[in-house]
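# What the coordinates show
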Number of protein chains: 4
Amino acid sequence: MTDHNTMNDVENAMEGGEQSPELTQLYADFEAKNLSPLWTQLGEVMTDVPRSKAVPFVWRWNELLPLAARSGDLVPVGRGGERRAIALANPGLNGHPYATPTIWAAIQYLGPHETAPEHRHAQNAFRFVVEGEGVWTVVNGDPVAMRRGDFLLTPGWNFHGHHNQTDQPMAWVDGLDVPLADHLDVGFFEYGTERVTDYSTPSVSRAERLWANPGIRPLSGLDSHVNSPIAAYRWEYTDRALREQLLLEEEGFPATVEQGHAGIRFTNPTNGGDVMSTLRAEFHRLRAGAQTPSRREVGSSVWQVFEGRGEMVVADHTWLLEKGDLVVVPSWEPWELRAETELDLFRFSDAPVIERLNFDRTYVAGRER
Amino acid sequence: MTDHNTMNDVENAMEGGEQSPELTQLYADFEAKNLSPLWTQLGEVMTDVPRSKAVPFVWRWNELLPLAARSGDLVPVGRGGERRAIALANPGLNGHPYATPTIWAAIQYLGPHETAPEHRHAQNAFRFVVEGEGVWTVVNGDPVAMRRGDFLLTPGWNFHGHHNQTDQPMAWVDGLDVPLADHLDVGFFEYGTERVTDYSTPSVSRAERLWANPGIRPLSGLDSHVNSPIAAYRWEYTDRALREQLLLEEEGFPATVEQGHAGIRFTNPTNGGDVMSTLRAEFHRLRAGAQTPSRREVGSSVWQVFEGRGEMVVADHTWLLEKGDLVVVPSWEPWELRAETELDLFRFSDAPVIERLNFDRTYVAGRER
Amino acid sequence: MTDHNTMNDVENAMEGGEQSPELTQLYADFEAKNLSPLWTQLGEVMTDVPRSKAVPFVWRWNELLPLAARSGDLVPVGRGGERRAIALANPGLNGHPYATPTIWAAIQYLGPHETAPEHRHAQNAFRFVVEGEGVWTVVNGDPVAMRRGDFLLTPGWNFHGHHNQTDQPMAWVDGLDVPLADHLDVGFFEYGTERVTDYSTPSVSRAERLWANPGIRPLSGLDSHVNSPIAAYRWEYTDRALREQLLLEEEGFPATVEQGHAGIRFTNPTNGGDVMSTLRAEFHRLRAGAQTPSRREVGSSVWQVFEGRGEMVVADHTWLLEKGDLVVVPSWEPWELRAETELDLFRFSDAPVIERLNFDRTYVAGRER
Amino acid sequence: MTDHNTMNDVENAMEGGEQSPELTQLYADFEAKNLSPLWTQLGEVMTDVPRSKAVPFVWRWNELLPLAARSGDLVPVGRGGERRAIALANPGLNGHPYATPTIWAAIQYLGPHETAPEHRHAQNAFRFVVEGEGVWTVVNGDPVAMRRGDFLLTPGWNFHGHHNQTDQPMAWVDGLDVPLADHLDVGFFEYGTERVTDYSTPSVSRAERLWANPGIRPLSGLDSHVNSPIAAYRWEYTDRALREQLLLEEEGFPATVEQGHAGIRFTNPTNGGDVMSTLRAEFHRLRAGAQTPSRREVGSSVWQVFEGRGEMVVADHTWLLEKGDLVVVPSWEPWELRAETELDLFRFSDAPVIERLNFDRTYVAGRER
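A quick note: this is a predicted structure, and the numbers were derived from the prediction, not measured. (Residues numbered from 1 in each chain as written. Chains lettered and ligands numbered in written order. Predicted model: local features only at pLDDT ≥ 70, side-chain atom pairs only at ≥ 80, totals over all residues. Heavy atoms only, no water.)

### So, the relation of the copies chain A and chain B
Rotating chain A by 180° and moving it 0.0 Å along the rotation axis overlays it on chain B with an RMSD of 0.0 Å. In short, the pair behaves as if placed about a two-fold rotation axis. Of all interface residues in chain A, 100% are interface residues in chain B too; the two copies therefore contact each other through one and the same surface. (Least-squares fit on C-alpha atoms with pLDDT ≥ 70 in both. Contact = heavy atoms within 4.5 Å.)

### Overview of the confidence of the model for chain A
With 95% of its residues at a pLDDT of at least 70, chain A reaches an overall mean of 94. Segment residues 1–16 of chain A: pLDDT under 50, and 44 contacts once partners within four positions in sequence are set aside and those in other chains are kept. (pLDDT = per-residue confidence, 0-100.)

### Observations regarding the side chain of Ser205 of chain B
Residues and elements named next belong to chain B. With respect to the helices and strands, Ser205 occurs in the loop between strand 12 (189–191) and helix 6 (206–211). Within the structure, Ser205 has its side chain in polar contact with the side chain of Glu208 (distance 2.7 Å). Every residue in contact with Ser205, bar those within four places of it in the chain, is listed here: Asp142, Pro143, Val144 and Ala231. (Helix = DSSP H or I, 4+ residues; strand = E, 2+ residues; numbered from the N terminus. Polar contact = N/O pair within 3.5 Å; in protein donor to acceptor, adjacent residues only side chain to side chain.)

### As for the domain arrangement of chain A
All names here are of chain A. Here chain A is partitioned into domain 1 (57–232) and domain 2 (233–364). Relative to domain 2, the C-alpha centre of domain 1 lies at a distance of 21 Å. Contact with domain 1, which involves 49 residues of that partner, is made by 37 residues of domain 2. When domain 1 packs against domain 2, the two sides together hide about 3,500 Å² of surface, and 63% of this comes from carbon and sulfur. Three residues stand out in domain 1 for area buried against domain 2, namely Phe128, Arg148 and Phe151, and they jointly supply 17% of the buried area on that side. (Domains from an automatic or database assignment. Buried area = accessible area lost by both parts, 1.4 Å probe.)

### Some remarks on the interface of chain A and chain B
Taken together, the contact pairs 40 residues of chain A with 40 residues of chain B. Summed over both sides, the interface of chain A with chain B buries roughly 3,400 Å², with 60% coming from carbon and sulfur. Linking chain A with chain B are four salt bridges, by the criterion used here. For Glu251 of chain A, the salt bridge goes to Arg209 of chain B, with nearest N and O atoms at 2.9 Å. Across the contact surface, chain A and chain B share 16 residue pairs in polar contact (both at pLDDT 80 or more). Per-element accounting of the side of chain A that touches chain B gives the leading share, nine residues, to helix 7 (residues 235–251) of chain A. (Salt bridge = Lys/Arg side-chain N within 4 Å of Asp/Glu carboxyl O.)

### A closer look at unusual backbone geometry
If you check the backbone angles, Asp185 of chain C has positive phi at about 60° while not being a glycine. With respect to the element layout, Asp185 of chain C can be found in the loop between helix 5 (178–184) and strand 12 (189–191). The backbone of His113 of chain D shows a phi angle near 60°, a positive value even though the residue is not glycine. Tracing the backbone shows His113 of chain D in the loop between strand 4 (104–110) and strand 5 (115–121).

### Looking at the packing of aromatic side chains
All told, the structure shown has 88 aromatic pairs over all chains when counted by the stated rule. A centroid spacing of 5.6 Å and a plane angle of 50° characterise the contact between Phe151 of chain A and Tyr233 of chain A, whose relative ring orientation is tilted. Residue Phe151 of chain A is found in strand 9 (residues 151–154), and its partner Tyr233 of chain A is found in strand 14 (residues 232–233); the two are separated by 82 residues along the sequence. The same class applies to Phe151 of chain A and to Tyr233 of chain A, which are both buried. Ring plane angle 90° and centroid distance 5.4 Å describe the contact between Phe189 of chain A and Tyr191 of chain A, whose orientation is recorded as edge-to-face. Each residue in the set Phe126, Phe128, Phe151, Tyr233, Trp235, Phe266, Phe283, Phe306, Phe346 and Phe348 of chain A is aromatic and connected to the rest through ring pairs, giving one cluster. In this arrangement the basic side chain of Arg361 of chain A is found over the ring face of Phe188 of chain C, its NZ or CZ atom lying 3.8 Å from the centre. Geometry around Phe306 of chain C places Arg148 of chain C over its ring, the cationic atom sitting 3.8 Å from the centre. (Phe/Tyr/Trp six-rings, centres within 6.5 Å; stacked < 30°, edge-to-face > 60°. Buried < 20%, exposed > 50% of the residue type's maximum accessible area, 1.4 Å probe, protein only. Lys NZ or Arg CZ within 6 Å of the ring centre and 35° of its normal.)

### A few points about the arrangement of the chains
Over all C-alpha pairs, chain B and chain C never come within contact, reaching a minimum spacing of 15 Å. As for chain D relative to chain A, no contact occurs, and the smallest C-alpha gap between them is 15 Å.

### A look at the sheet that holds strand 12 (residues 189–191) of chain A
Residues and elements named next belong to chain A. What the five strands build is an open sheet, ordered 8-7-10-5-12; its pairing is antiparallel. The sheet terminates laterally at strand 8 (142–147) and strand 12, the two strands that pair on one side only. Each adjacent strand pair in this sheet contributes to an overall mean axis angle of 25°, direction not counted. Bridge analysis of strand 5 (residues 115–121) against strand 10 (residues 160–164) gives three bridges, and the strand direction is antiparallel. Considered in strand 10, the bridge of Ala116 is made with His162. (Pairing = 2+ DSSP bridges. Axes fitted to C-alpha atoms, helices over the stretch in contact; angles between N-to-C directions.)

### Brief notes about the interface of chain C and chain A
The partner chain A presents 95 residues to the 95 residues of chain C that form the contact. Taken over both partners, the interface formed by chain C and chain A buries close to 8,100 Å², and the fraction arising from carbon and sulfur atoms is 67%. Per-residue buried area on chain C facing chain A is highest for Asp185, Phe188 and Phe359 of chain C; these three make up 9% of the total on that side. Our count for the contact surface shared by chain C and chain A stands at four salt bridges.

### A few points about the packing of helix 4 (residues 61–74) of chain A against helix 2 (residues 21–32) of chain C
Where helix 4 of chain A meets helix 2 of chain C, the axes come as close as 10 Å, and the angle between the chain directions of the two elements is 155°. The orientation of helix 4 of chain A with respect to helix 2 of chain C, classified from their angle, is roughly antiparallel. Helix-helix and strand crossings are classified by hand; for helix 4 of chain A and helix 2 of chain C the assignment is left-handed. Touching Leu67, Arg70, Ser71 and Leu74 of chain A of helix 4 of chain A are Glu22, Leu23, Gln25, Leu26, Asp29 and Phe30 of chain C, all from helix 2 of chain C. Within the contact of helix 4 of chain A with helix 2 of chain C, the residues separate by chemical class into five nonpolar, two polar and three charged. (Parallel < 35°, antiparallel > 145°, perpendicular 65-115°, else oblique. Left-handed = near helix turned anticlockwise from the far one by under 90°. Nonpolar A, V, L, I, M, F, W, Y, C, P; charged D, E, K, R; others polar.)

### Comments concerning the relation of the copies chain C and chain A
Both copies of the chain are related by a screw-like operation: a rotation about an axis and a shift along it. When chain C is fitted to chain A, the residual RMSD is 0.0 Å, and the transformation amounts to a turn of 180° plus an axial shift of 0.0 Å. Most of the interface of chain C is mirrored in chain A, where 100% of its interface residues again form contacts.

### A look at the pairing of strand 8 (residues 142–147) of chain D
All names here are of chain D. Here strand 8 lies mainly inside the structure; five of its six residues are buried. The pairing of strand 7 (residues 133–139) with strand 8 spans six bridges and is classified as antiparallel. Paired with Glu133 across the strands is Arg147, a residue of strand 8.

### Considering the UniProt feature "domain: Cupin type-2" (unreviewed entry) in chain A
Here, the residues flagged by UniProt with the feature "domain: Cupin type-2" (unreviewed entry) are residues 108–174 of chain A. A helix fraction of 0% and a strand fraction of 61% characterise residues 108–174 of chain A, whose end C-alpha atoms lie 7 Å from each other. (UniProt positions renumbered as here; feature names shortened; annotations may be inferred.)

### Brief notes about the sheet that holds strand 4 (residues 104–110) of chain A
Across the sheet, seven strands lie side by side as 14(A)-9(A)-6(A)-11(A)-4(A)-3(A)-1(C); this open sheet has antiparallel pairing. Of all strands in the sheet, those with a lone pairing partner are strand 14 of chain A together with strand 1 (35–37) of chain C, marking the two edges. Where strand 4 of chain A lies against strand 11 (residues 170–176) of chain A, seven bridges are found, and the strand directions are antiparallel. Bridge pairing in strand 11 of chain A places Gln108 of chain A opposite Trp172 of chain A. Across the sheet, helix 4 of chain A is in contact with strand 3 (85–88), strand 4 and strand 11 of chain A together with strand 1 of chain C; its angle to strand 4 of chain A comes to roughly 50°.

Structure (structure tokens):
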């Protein structure tokens, strides 16, 4: 767990590491008084570089979806359990239902005509739809249609519930800052109605009608908005933005992250920053054959393939990924992507947390920074 | 020019206002030494409320356009004169070609197949198109189509030129911070090529392809942007945003500025603030029959009717306005709007200057603030 | 661990809570695939209000100091162990050497003429001196004297070591964001020289000479400073600021937090915010007999009595505190202070983290907010 | 007034510059309709570099002070005239009582036991004391002693009056943003009491007691402060800061602006920015024999020698300056300083305006930027 050796000089000075009775007694007295010496564990609490307990891992969509469907048959959704959501539990995190130390990621499943009741919590949440449609999430009374490719927000302390209007089940990915909120002890939770407050099914939410116009702000919305007021970032716009970047690159203009690699960040239009205080969301598109340099970043990410096929290398793993597959990249683990076909990936991360606390660092192989 | 009387006590103390020879000599000595006493002119340099030298005024589009057309016949456009622009000269501003103390507003006219050569300046500029199409403005090499209803940016120090691709002339409105820059002594100017650097005529600019996606930011554009990177705010989006606000109001949801009055601000998507450091731009739509309360604001504005008919009251003027008419509202003059038909208005102002310097105040009749 | 009952409806729907074989199999399959259902543990991951694993606790200075002195006899300080620091280990945190989930607090002890070698880490650190003097902490080559009442900074990634110039030992309190950095996986660590780089003993550091002038900024220091450039906040100024607040209160002017309760925050003079991105530091002074209303705050704090005697109530604990005693207040636990004598307290907390992530809430008994 | 020739091509195209009758008629029609063509005056409204109407100028303290004393004999101070202030009227500004287009600078004179009555205005003001003491300025009811070397604030909309407690007259320099406020039409003015509201004479103001502690903020003052809450920046701290910079330079550490040239900026401790939204204030100290490189800056400044002797070069002027002398440097005029003795200078400028509007540029001879 550590690169630098702890206690060399200190141990040497202590007669080959054998503890004197006085030292043994001292350590016992420490423990009795709820104290703990730094010098015996420095290397554990302060590593040379970040060494996450979380491990790189992959979850396969073609395994997740059938499990979600089985829970659809066996487990009702309703008040108390609230959501039929199945969390990615990182094998390094001791059984906690957490993808990374800061990120909760789950597949949520709603059967035909089911309703997930309304509640609200301080934790920030979003949904991303890798396939399907027919569910509306009702956020503070505003019904928001969920469709393939859409990225949908439920910032902290907004009441929200979901209902499926169709005869087909629908599954999607939830992302929250639950592990962060749990660690920081910042969570509040409140039940709302057991149904959703509005069962209407408009194709566009009121929030979008007010806010999803490029570079345009309603005069009724000039106050500061900690979180983005855009309820849904529609696939149509995401796709167009990515496509245009690659076209501009072909036409000879700077537009992409690097050759063959387009990327966008979802932002809060009222300040240009991340959509929510704790979660960043991005979309990436690689041309067939493109690959990225190896990168290390402080902070953890979850990637989901939206379309296409390619390899992702994370530390010493190399995974062939297909639609819906989810990968966790812990802090400071090197990663790279290699697209076999054109490859679309959704990514979310705790980068706003890392940056707001000034812990951000990046290392890109072959580039100085 | 002042509400509070200057020199009462002081004058009384000076023997009925008659100057002693010693005082006369003192004032002469002041003048000789480039000095000036405050006590004789306090009421002029410090008024109770803002008292602009600029006056409320209206320019009629049906008079402006023929004059512009005549200049199109008589005056060539090219290097040296640079632009066939005719500025609104506020009658209060002593013959300066300025609409207000901070704002330059002009009608610019480009004949068939003409080119206005490239240059750049520290002054910020925009164009607004009340009718017509067929001109491209080329901003730092990016050709931007100009069409009815579009609001187009040329932030400071970007090279820009225009060319008319058609057999018809085209006229539009230019807005700049020239009087402010002149007063602050901040202007820089540089000639570019005598032609435009790119005569291609795409319907959408590269800047829009990268930036005009709602809530979406390219990963290649994460650096800070003092001014908006969106080259053109298209009428399609402005119109939709205004229409949706009025629809939401009908559906019973808060969305408008006030009953029957929709409004949007054009913003810099990278920070949610104004499009440029010195100029604010907004669009307003009033339902037929709607009217606004009387407002006073610190800072000056120019309004242009885009469509419809209505009255504007400014101080003791009441003007019936029609398409293209331009009105200047000086600082702190009360104004209100009354829509006869549905009424669309473009507005620009120096509000970012006033707010950044913390001089903003607003008074709305019937509301405290 | 939770106020709201989980699974009521869901369990009822599942035949009295007895799991069907299918459900048992589903849960087993979840586990095999590193998945975890939300509905069985919602109440644990999302509590109604913050429920910290950390518990309110007190450490007594008259117990800490002798233990530190014993370690001074038994444990050498030097490369590897680096520091003779003994951490407060909150009994609720499973043996981790952490005062709260975000804060490391320790007593550090340096014997006569000892040197704690230089190193640097991404974690932010400070020292607070409750008694004694004679040690210099050398921060990036700048020797900073440590004296009673001083609050001293070592922001992340600055090399630092300490040396004791005297024939007496010295002990002080260290505060760091180690648990936060550990959880977020953001830590970097690097050894420096085994000695300190400058053994000179000026009474004032170079950083103070440049930066500790009220409202004054060196023209050579106009760049942005994420962390405060003031190396030492001297007791002289803290004491004076607190004293003046109480005098102003006596004179009838608003100056204190509330009647009889003066308080200051240590700030970064380049932006007026907290001294470091992750740690807030404050000083409080209560008049003899004063008491504070009960408060709950999101985020955790550590308090140390600097001088005087009084009671602190935290949740259902009431402790009589004396000089040097340290108390932990976990997130959302109610606390209040009652001063027997004039009571001076140093406080540090993770409030900058909570606020930057927009999780802050406060509840003060008897006041709305 | 312009470097680039206007109308070359255009004039050539118009038959040797002789206007046709049609063009003459067009220009007459423009005038009748309050319009003004750009092409005939582009070089005046848009210069290659800033060309201020204000000119470099010097006012001599040994001339100012006797004139102020004579006005003390002849002109009473009281309601109406309000202040016995004599403004520097830049010879380039057409008789306006303005030092530069944005800055008002005056010598104010208060006789023994006189009172200048209270008023307030939106304009921001400060006082700087080059010699003398015995006057208190009462700012929003807080009496602030004025002493040699002090820099004192009266931000916009604070009531303020002055009274002289002694048997000696006192004179000082006032700086305000009056010309800027006049141009922007943002001024408000209101009379207060004809006396000052508090005739007590504490040596330190309440504002200082609360706020002038280095890096320390009262918990009762956490709200945002647009302007600095420090009423007086005392000479003691300014002098010490400058002295320490030169000592640090001698000791081999970076601290000064450049060799032999120390400098500080007065700042708002709540945000690290300028003391007020529109005015920057700095103090400079040059070692005897030191000189600065030639600099051009966008924006205008006023300098006053506080102590010492030296030359200032502004454009093609070279002035030998002594204590109290005031120099105006208009925008973009090159300036440099050469100290004969150790030379202390106070400087104020409109730099916050220029920077907030993103018009700032600097050119330093011999350095790129």
